[in-house]
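# Structure at a glance
So you can see what is in the structure, the chains are spelled out below.
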Amino acid sequence: MSRRTRILDSDGRVWALLGPTNTGKTHRAIQRMLAHPSGMIGLPLRLLAREVYDRIVEARGADEVALVTGEEKISPSSPRYFVCTVEAMPMDRGVSFLAVDEIQLAGNRSRGHVFTERLLGARGWSETLFLGSDTMAPLLEELIPGIDIEHLPRLSQLTWAGTARVTRMPKRSALVAFNADAVYEHAERLRAVHGGAAVVLGALSPRARNAQVAMYQSGEVQHMVATDAIGMGLNMDVRHVAFTAVRKFDGRSHRALAAAELAQIAGRAGRYKTDGTFGTTRELGPLDEAVVDAIETHYFPPVTRLFWRNAELDFRTGETLLRSLERRPPHPALIRVRDEYDHHALEDLLRRADTAHLVTDEASLRLLWEVCRIPDYRKTRTGHHTDFLASVAAHLLDGGSLPTDWVAERIDRLDHVDGDIDALMARIAFVRTWTYLSHQRGWMADGPHWQERARAIEDRLSDALHEALTRRFVDERAMALVHRPGAITVADDGTVQAGETQLGRLEGLLFAGKVNLTDKALWNGLRRALRLEMVRRVGRLMMSKNRAIRLDGRGRLVWEGGALARLEGSSEVLEPRLRIHRLDFLESWERGAVRDRLEAWLSEEREAMLAPLKRPAAQQLSPAGKGLMFELERHLGSLSAQGVSDLVQQLSESDRRLLARLDVRIGTQTVYVQSLLKARWIRLRAALWSVHVGREEWPEVPDGRTAFRPASGVPGDFYRAIGYPLCGGYAVRADVLERVAAWLRRASRADASSIQPEEPMSWLAVGREGLDAVAGGLSYRLRAPDGSLEVVRTRSRRRRPQRRRRSRR
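Summary of the structure given here. (Residues numbered from 1 in each chain as written. Predicted model: local features only at pLDDT ≥ 70, side-chain atom pairs only at ≥ 80, totals over all residues. Heavy atoms only, no water.)

## Some points on the overall build of the protein chain
This is how it is decided: Runs of H or I in DSSP of at least four residues are treated as helices and runs of E of at least two as strands, each being numbered from the N terminus. Here the globule rule is a power law, 2.2 Å times the number of residues to the power 0.38, and the radius of gyration is based on C-alpha atoms. Using a 1.4 Å probe on the protein chains alone, a residue whose accessible area is under 20% of its type maximum counts as buried, one over 50% counts as exposed, and one in between counts as partly exposed. The contact criterion used throughout is that any non-hydrogen atoms of two residues lie within 4.5 Å. Areas reported as accessible are Shrake-Rupley estimates using a 1.4 Å probe. Residue values count occlusion only from the protein chains shown. Within this scheme the basic residues Lys and Arg register as positive and the acidic residues Asp and Glu register as negative, but His and the chain ends are omitted. Lys charges are placed at NZ, Arg charges at CZ, Asp charges at CG and Glu charges at CD.
The helix and strand tally for the protein chain stands at 28 helices and 35 strands. Taken over the C-alpha trace, the protein chain has a radius of gyration of 45 Å; the compact-globule value for 809 residues is 28 Å, which it surpasses by more than 25%. Referenced to the eigenvectors of the C-alpha coordinate spread, the extents of the protein chain come out at roughly 150 × 60 × 45 Å. When burial is assessed residue by residue, the protein chain has 52% of its 809 residues classed as buried. Counting only contacts in the protein chain whose residues sit at least 6 apart along the sequence, the fraction spanning at least 24 positions is 67%. Accessible area of the protein chain: about 37,500 Å², with a carbon and sulfur share of 47%. Each charge class in the protein chain can be summarised by its mean position, and for the 121 positive and 104 negative side chains these summaries are 12 Å apart.

## Some words on the sheet that holds strand β26 (residues 562–568)
What counts is decided by this rule: Pairing between strands requires that DSSP locate at least two bridges from one strand to the other. Geometry is summarised by axes, namely lines fitted to C-alpha atoms with helices restricted to the contacting stretch, and by angles between N-to-C directions that run from 0 to 180 degrees.
Strand order in the open sheet formed by four strands is β24-β25-β26-β27, with antiparallel pairing between adjacent strands. Each of the sheet's edge strands pairs with one partner strand only, and the pair in question is β24 (549–551) and β27 (577–580). Averaged over neighbouring strand pairs, the angle between their axes works out to 30 degrees when direction is ignored. In the sheet, β24 pairs with strand β25 (residues 556–559) via three bridges, with the strands oriented antiparallel. Bridged to I549 within β25 is W559. Across the face of the sheet, helix α20 (residues 588–610) comes into contact with β24, β25, β26 and β27 while running at roughly 150 degrees to β27.

## Examining helix α5 (residues 180–194)
Note the following rule: Any helix carries an expected span of 1.5 Å times its number of residues minus one. Polar contacts here mean pairs of N or O atoms no more than 3.5 Å apart (in protein, one a potential hydrogen donor and the other a potential acceptor; neighbouring residues in sequence count only if both atoms are side-chain atoms).
End to end, α5 covers 20 Å across 15 residues, agreeing with the expected 21 Å (1.5 Å per residue, within 8%). When α5 is considered as a whole, its buried residues turn out to be A182, V183, Y184, H186, A187, L190, V193 and H194. The N-terminus of α5 is capped by N179, whose side-chain oxygen sits 3.2 Å from the backbone nitrogen of D181. Directly beyond the C-terminal end of α5, a positive phi value near 100 degrees is found at G195.

## Describing helix α9 (residues 318–325)
Of all eight residues in α9, six are buried; the element is thus mostly enclosed. Burial in α9 covers these residues: G318, T320, L321, L322, S324 and L325. Contact partners of the buried residues in α9: β19 (334–336), α10 (341–351) and α12 (362–372).

## Considerations on the nonpolar core
Here is the rule we go by: To qualify as a nonpolar core, a set must consist of buried Ala, Val, Leu, Ile, Met, Phe, Trp, Tyr and Cys residues joined through side-chain atoms within 4.5 Å.
Counting residues in each nonpolar core, the largest one holds 71 residues, and the members touching the most others are L509, L598, M609, V664 and V671. Ranked by the residues each element gives to this core, the list is headed by helix α24 (residues 679–692), at eight residues. For V671, the contacting residues outside a window of four places in its chain are L628, L632, G637, S638, L639, A641, V644, V648, V664, R665 and I666. Among the nonpolar cores identified, the runner-up in size contains 66 residues, and L175, Y184, L321 and W369 belong to it.

## A word on the environment of L17
Mapped onto the fold, L17 is located in strand β2 (residues 12–18). Look at L17 and you get buried, because its relative accessible area is 0%. Along the primary structure L17 and D354 are separated by 337 residues, whereas in three dimensions their C-alpha atoms are 49 Å apart. When neighbours within four sequence positions are excluded, L17 is seen to be in contact with K25, R28, L129, F130, L131, G132, E150 and L152.

## Here's the deal with the pattern of salt bridges
Convention followed: A pair is scored as a salt bridge if a Lys or Arg side-chain nitrogen falls within 4 Å of a carboxyl oxygen belonging to Asp or Glu.
Inspection of the entire model under this criterion finds 47 salt bridges. Ionic pairing is found between E117 and R118, a salt bridge with its closest N-O pair at 3.5 Å. Exposure remark for E117: the relative accessible area of 33% places this residue in the partly exposed category. The class of R118 is buried, set by a relative accessible area of 5%. Measuring nitrogen to oxygen at the nearest pair gives 3.0 Å for the salt bridge that ties E409 to R413. Judged by relative accessible area, which is 43%, E409 ranks as partly exposed. On the basis of relative accessibility, which here comes to 49%, the residue R413 falls in the partly exposed class. Among the ionic contacts, a cluster of salt bridges with common partners joins R46, R50, D54, E72 and E458.

## Description of the packing of helix α6 (residues 206–217) against helix α16 (residues 447–473)
The condition is simple: With the far helix as reference, a near helix turned anticlockwise by less than a right angle produces a left-handed crossing, and one turned clockwise produces a right-handed crossing. For this scheme, ten residues count as nonpolar: Ala, Val, Leu, Ile, Met, Phe, Trp, Tyr, Cys and Pro. Four count as charged, namely Asp, Glu, Lys and Arg, and the remainder, Gly too, count as polar.
Interaxial distance between α6 and α16 falls to 8 Å at its minimum, and their mutual angle equals 35 degrees. Crossing hand, α6 versus α16: right-handed. Along its contact with α6, which presents P206, R207, A208, A211, Q212 and M215, the element α16 presents E458, D459, S462, D463, L465, H466, L469 and T470. Looking at the contact of α6 with α16, its residues break down into six nonpolar, four polar and four charged.

## Structural notes on the sheet that holds strand β32 (residues 726–727)
One open sheet holds the three strands; their spatial order is β31-β33-β32, and the pairing between them is antiparallel. Both edges of this open sheet fall to β31 (707–708) and β32, since each of them pairs with a single strand only. Two elements, β32 and strand β33 (residues 730–732), share two bridges in a ladder whose sense is antiparallel. Bridging from a neighbouring strand, C727 pairs with Y730 of β33.

## So, a negative patch on the surface
Our working definition: Within this analysis, patches are made of residues with over 30% relative accessible area and no salt bridge. Like charges are joined at 9 Å or less; nonpolar side chains (Val, Leu, Ile, Met, Phe, Trp, Tyr) at 5 Å or less.
A grouping of D181, E185, D420 and D422 is seen on the molecular surface, where their side chains present a negatively charged patch. Secondary-structure assignment places D422 in helix α15 (residues 421–438).

## Some details on the packing of α10 against helix α13 (residues 383–399)
The line we're drawing: With respect to orientation, any angle under 35 degrees is reported as roughly parallel, any angle over 145 as roughly antiparallel, any angle of 65 to 115 as roughly perpendicular, and every other angle as oblique.
Look at α10 against α13: their axes get within 10 Å of each other, and the N-to-C directions meet at 60 degrees. Taken together, α10 and α13 sit at an angle that is classed as oblique. As for the relative orientation of α10 and α13, their crossing is right-handed in sense. For the pair α10 and α13, contact is made by A345, D348 and L349 and by T386, L389 and A390, respectively. Looking at the contact of α10 with α13, its residues break down into four nonpolar, one polar and one charged.

## Quick notes on unusual backbone geometry
The backbone of R172 shows a phi angle near 60 degrees, a positive value even though the residue is not glycine. You can see R172 is positioned in the loop between β10 (158–164) and β11 (173–176). Even without being glycine, A765 reaches a positive phi, approximately 55 degrees. Inspection of the secondary structure puts A765 in the loop between α27 (758–764) and α28 (767–777).

## Structural notes on the packing of aromatic side chains
How we decide: Two rings from Phe, Tyr or Trp (for Trp, the six-membered ring) form a pair when their centres are within 6.5 Å of each other. A pair whose planes differ by under 30 degrees is stacked, one over 60 is edge-to-face, and the rest are tilted. Two thresholds decide whether a charge sits over a ring: the Lys NZ or Arg CZ must be within 6 Å of the ring centre and within 35 degrees of the ring normal.
Scanning all chains against the criterion turns up 12 aromatic pairs. Residues Y184 and F473 carry aromatic rings whose centres are separated by 5.6 Å and whose planes lie at 25 degrees to one another, so their mutual orientation is stacked. Here Y184, found in helix α5, pairs with F473, found in helix α16; they are 289 residues apart in sequence, far enough to count as distant. Between F388 and W434 the ring centres are 5.5 Å apart and the planes differ by 80 degrees, which places this aromatic pair in the edge-to-face class. Of the two residues, F388 sits in helix α13 while W434 sits in helix α15, which places them 46 residues apart along the sequence. Grouping residues by exposure puts F388 and W434 together as buried. Here R13 stacks its cationic end above the ring of W15, 4.1 Å away from the centre of that ring. Its end group placed over the ring of Y780, R793 keeps NZ or CZ at 4.7 Å from the ring centre.

Purely spatial values, then, with no claim about function.
This is the structure:
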């Protein structure tokens, strides 16, 4: 319920519009001002002043509005409205309407005396309006008798949401910290999980701040980490405010924030009629119940004291000026402010020999006081700022203006964009000092030139700062994945792109590319973006034929370019284990389906390889024949003839016919299965033998070659297992080796003139040198004593497995 008492005095109507955050106070004040022929509004922050200035320019045009802050002045020739920071309000300018926002800051130790001065002394001709918290009502009525006060309710509900981990904060959350290091820490944690966060610090320039806020407002990032600067009227789409701390350094000491101060910040959650929530991080723990209740109900103890400093200064001498600054307040509700930086600077400069002697009259003392009021934007809190003030004062008091060369040298030092975030912010802070100096009338020979120069440097530094903040606290690819999954596309060749940026490629069911999947935000976002594609691919794998899956030279089962699993050895060469790769982009049931499909592939491939040995004819073999079949199966289809000579000698004629029908060939060097010499089965045999003996890698298997040099360090058993026994330093396919051996036997009995080596050379495809080597391995030597070729045995003939003679009855 609003409460109003309408009283007019000689200064026109003086009234206050009080209430919690999100009551529309500032908006209403702007509308009231624009209803007057002229007006001025004082705002607590440079950033907020710029925001309000832009709004009024949009409504009325740039020619009618001036912006006046400590370090920025935009003043057309005849402005009707002035948007200012409270400290920079031109009190010598008369206007019809005057407003001061966040008047409760009169109770702030650092800046309160300026707000108190405006409260007691700033008036519009027709109307004066003070905006702020309900807690100011008693003091306003006491200090300004007859003031008209209207109370506004909050437009939306603000409720306590409890505690949560930083990494579990909901979308559209603002985390509040009270120093830059804490802001950076929390922003990096949000980047790791959610892909990024906007960063808003009081030290940011308007340009950098607007760029960061624009990322948040547009949804490019879903979280913000800020200092308590967001508590002063900066309007953003924040739905939840989370405090990471409730203590801050206020410029003098670390102190706990009052419930009203917490409410001012928490009130940023929920704008207009959208409800908001507030809470704390899990590390901080919950707020006290009384504090929560006060914030939710907007009920706080009234402000009982305001900070004050005498505004009627005595410039007759340095001593009288200092005494006037220390004058006691005229009302018990006012507290004299102490330890202000400008007061201390005045004391120091009046003691310094290089400046004190230049103060000779009231005008020079006034100028010295104006120099002392130059803000310390860098917050150095050391003698550096005082030394700088002394240099400025000496130049102004001695020469009337700052030397152009001196100014140019120092501004030029700031005109570079290298360095980290802190270096860029420090440079911007110092540029703000020069901007402030350039706006002081008569302090520089060409003030407008240096204003433009400083503004251009600040803009370049601000852009670099925004880029540095974004680079450190936002992973742009992660944001594309986390918040814009529709922007992710998969080309026919598996290339994964976010817009024009190539993220990597899908190889089967695996993602391979430039994205670091240890980054949770990237991993979660990419997994979500590729979900439908993975469902399609799993379905395609389930329906694929066995030939779509292949074994590589490391025992991995590869499908569409991606390794899905790996064979591992067991006690049985034909029964390897199957280890499925992680396949992180699949659900658990899909991973189970993939395992089933690959196990079926392995079982079917093994059965297909051994199918010739499982034909019905195998059941008709004698024990010796069955024993030979067992050994062939156990040794993957290839045996040394000498090693099984006893079994071969026991075979009957019937066994031999049956074995031939089963594709088994019995040679002088090797007993082998002819159909298993195909490339498909050679690859499977190589993998089965290698994983069985514990080898992680093995040579590439021959692709259609009949003979080749074996790889060094690879045992002969490997080549025997794949059907390429070693002979004369070559691995020779079993059937070709038997043909060469048969040719050598015939040639050794033939006339030298009839021997033609081209035929076995064509079988081996390794040239005459290779034929000589293989022949040597088979105990033969090719020589040409008188121009003709002859084949000679070099040692006694190895006993050939004999057919078993059947006894005659």
